[in-house]
Amino acid sequence: VQLQAFGGGLVQAGGSLRLSCAASGLTFSDYCMGWFRQAPGKEREFVAVISWRGASTYYAESVKGRFTISRDNAKNTVYLQTNSLKPEDRAVYYCAARRASPSNSPNMYDFWGQGTQVTVSS
């Protein structure tokens, strides 16, 4: 199984980035897909999760209304649209796959990608 996240970069506060995570080696539609992030010196935290066919989505309070998670099962890809970025959104963003119901706990995920860096300048 391989999850490859990309799309990060440097953006000014208020800007947007679209993160993508391409999956291979698994039946993508059997997995809930989550996004997590980890800032320097902090623990990995939940950002968003989407159910197997995209019917259900859940967000951390800190990103609700600014970030949108979506998926394309035909392309084995999950996306995270990040808008109105703030300096505190700076982190390495990871995608993860879980073959069970959506969860906000990183310990409950089966597979992880390598992460993509998001940096927001003030």
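Computed from a predicted model, the values in this text were never measured in an experiment.

K.L.:
What is the right way to look at the pattern of salt bridges in this model?
P.N.:
Side-chain pairs of opposite charge can arise whenever the charged atoms involved come near each other. By the definition in use, this model includes five salt bridges. Linking R37 and E45 is a salt bridge whose minimum nitrogen-to-oxygen distance equals 2.6 Å. Residue E45 is classed as partly exposed on the basis of its relative accessible area, which comes to 35%. Residues R37 and D89 are paired through a salt bridge, measuring 2.9 Å at the closest nitrogen-oxygen approach. In this pair, R37 sits in strand β4 (residues 32-38) while D89 sits in the loop between β8 (77-82) and β9 (91-98), placing the two residues 52 residues apart along the sequence. Given the relative accessible area of 5%, R37 is considered buried. For D89, a relative accessible area of 1% corresponds to the buried category.

K.L.:
So what exactly am I meant to see when it comes to the state of the cysteines here?
P.N.:
Covalent bonding between the sulfur atoms of two cysteines defines a disulfide. The full count for this structure, using the stated rule, is one disulfide. Note on cysteine connectivity: C21 is disulfide-linked to C95, with sulfurs 2.1 Å apart. Residues C21 and C95 are joined through a disulfide that is right-handed, its torsion about the S-S bond being 60°. With a gap of 74 residues between them, C21 in strand β3 (residues 17-24) and C95 in strand β9 connect regions that are remote in the sequence. Of the two residues, C21 and C95, neither departs from the other in class, the shared state being buried. The thiol sulfur of C32 is not disulfide-bonded, and the nearest other cysteine sulfur, from C21, lies at 14 Å. Residue class for C32 comes out buried when judged on its relative accessible area of 0%.

Rules and cut-offs
Residues numbered from 1 in each chain as written. Predicted model: local features only at pLDDT ≥ 70, side-chain atom pairs only at ≥ 80, totals over all residues. Heavy atoms only, no water. Salt bridge = Lys/Arg side-chain N within 4 Å of Asp/Glu carboxyl O. Buried < 20%, exposed > 50% of the residue type's maximum accessible area, 1.4 Å probe, protein only. Helix = DSSP H or I, 4+ residues; strand = E, 2+ residues; numbered from the N terminus. Disulfide = S-S within 2.5 Å.

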